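Examination of the molecular architecture
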Amino acid sequence: MNLDNIVIVLSRPDEPRNIGAVCRAMANSNIHTLRIVGDKSKIDIEKVHVLAIHAGYIFDKAEFFSSITEATADCALSAGTTRRRGKKRKGKLLLPEEFAKNANRISAKAKVAVVFGNERTGLDDDEILECTMGVTIPSSDEFGSLNLSHAVQIMCYTLFRFNEKNKMGYTPITGKRLKKTTAEITESLQKIGFFKITGKKDMELFWRDILSRAALSEGEAQYIEKVFTKAAGLSSKNSGKDSD
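Quick caveat: nothing in here was measured; it's all calculated off a predicted structure.

**Some thoughts on unusual backbone geometry**
Residue N30 is not a glycine yet carries a positive backbone phi of 65 degrees. Following the sequence through the fold, N30 ends up in the loop between α1 (16–28) and β2 (33–37). Classification of N30 by relative accessible area gives partly exposed; the value is 39%. Of note, the phi angle at I53 is positive, near 55 degrees, even though the residue is not glycine. For I53, a relative accessible area of 43% translates into the label partly exposed.

**Description of the environment of T158**
Position of T158 among the secondary structure elements: in helix α7 (residues 148–166). Accessibility expressed as a relative area gives 14% for T158, which makes it buried. T158 sits 60 residues away from E98 along the chain, and the two C-alpha atoms are 9.8 Å apart. Discounting residues that sit within four places of it in the chain, T158 has contacts with P96, E97 and A100.

**Focus on the packing of aromatic side chains**
A complete count under the given rule lists three aromatic pairs for this structure. Measuring from ring centre to ring centre gives 6.2 Å for F59 and F64, while their planes differ by 85 degrees; the resulting arrangement is edge-to-face. Taking relative accessible area as the criterion, F59 reaches 0% and is therefore assigned buried. Ring plane angle 80 degrees and centroid distance 5.5 Å describe the contact between F206 and W207, whose orientation is recorded as edge-to-face.

**Quick look at the sheet that holds strand β3 (residues 63–65)**
Pairing is parallel across the open sheet formed by six strands, whose spatial order is β3-β2-β1-β5-β4-β6. Strand pairing shows two members of the sheet lacking a second neighbour, β3 and β6 (133–135), which therefore form its edges. Taking each pair of neighbouring strands and ignoring which way they run, the sheet shows an average axis angle of 30 degrees. One ladder, built from five bridges, connects strand β4 (residues 75–81) with strand β5 (residues 111–116); its direction is parallel.

**Description of α1**
The end-to-end C-alpha separation of α1 is 19 Å, in line with the 18 Å expected for 13 residues at 1.5 Å each. Taken as a whole, α1 has its buried residues at P16, N18, I19, G20, A21, V22, C23, A25 and M26. At the C-terminal side of α1, N30 shows a positive phi close to 65 degrees.

**Concerning helix α2 (residues 45–52)**
Capping of α2 at its N-terminal end is provided by D44; its side-chain oxygen lies 3.2 Å from the backbone amide nitrogen of E46. Note on α2: the residue one or two positions beyond its end, I53, has a positive phi of about 55 degrees.

**Some points on the pairing of β5**
Across the six residues that make up β5, a large majority, five, are buried. Pairing analysis gives five bridges linking strand β1 (residues 6–11) to β5, with the strands arranged parallel. Bridging from a neighbouring strand, I6 pairs with V112 of β5.

Cut-off values and rules
- Residues numbered from 1 in each chain as written.
- Predicted model: local features only at pLDDT ≥ 70, side-chain atom pairs only at ≥ 80, totals over all residues.
- Heavy atoms only, no water.
- Helix = DSSP H or I, 4+ residues; strand = E, 2+ residues; numbered from the N terminus.
- Buried < 20%, exposed > 50% of the residue type's maximum accessible area, 1.4 Å probe, protein only.
- Contact = heavy atoms within 4.5 Å.
- Phe/Tyr/Trp six-rings, centres within 6.5 Å; stacked < 30°, edge-to-face > 60°.
- Pairing = 2+ DSSP bridges.
- Axes fitted to C-alpha atoms, helices over the stretch in contact; angles between N-to-C directions.
- Expected span 1.5 Å × (residues − 1).
- Polar contact = N/O pair within 3.5 Å; in protein donor to acceptor, adjacent residues only side chain to side chain.

Okay, structure coming up:
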């Protein structure tokens, strides 16, 4: 994912401190392009910088527009965030993780916008219609409304984490390959006398479950195998010395 092609759009924000918190949330996730639908002259810039702290530069570079359509005109995809479903609300609303997959595919060559509404009312039906799709952040039915900066933080973090995941520098071994490693471990432990023969199956399942969650690389699998093989060899060698 190209995070430089991710655009955060705030439509009619009321509270300047919320804008500052949004800037900080964006900077946390390495996203730096902010666009605002509204009048810059009506925003208390000092209050923005109070909560933006070291991310105030994001607001200073922000562009201002008169509509969401104008703010997203150069974007291939614009996702309006909403917790309300309805006929005019794009039908199926994607979860943040589902949206990240779309953004990953498109952001390599084009801009992708995530649009957030006013703190009190969110995006109205007409504003949602200006977007090409809808995204929803699941929350409690008891109190479903999220603070603006919190919603931005969740979306930005989801995009950031998806990007980091795809930057993983290796391919995890397959289940078939992992079976070889777990067999090597259990055979070595059996030689040491760590468990009875009847417990071998349970031991294999234990190591399979633990190591599958670790997403081992081929090099890591080989290293683990060598450790257990050597341990079994040393144990056998020491047992021979004890019997002399």
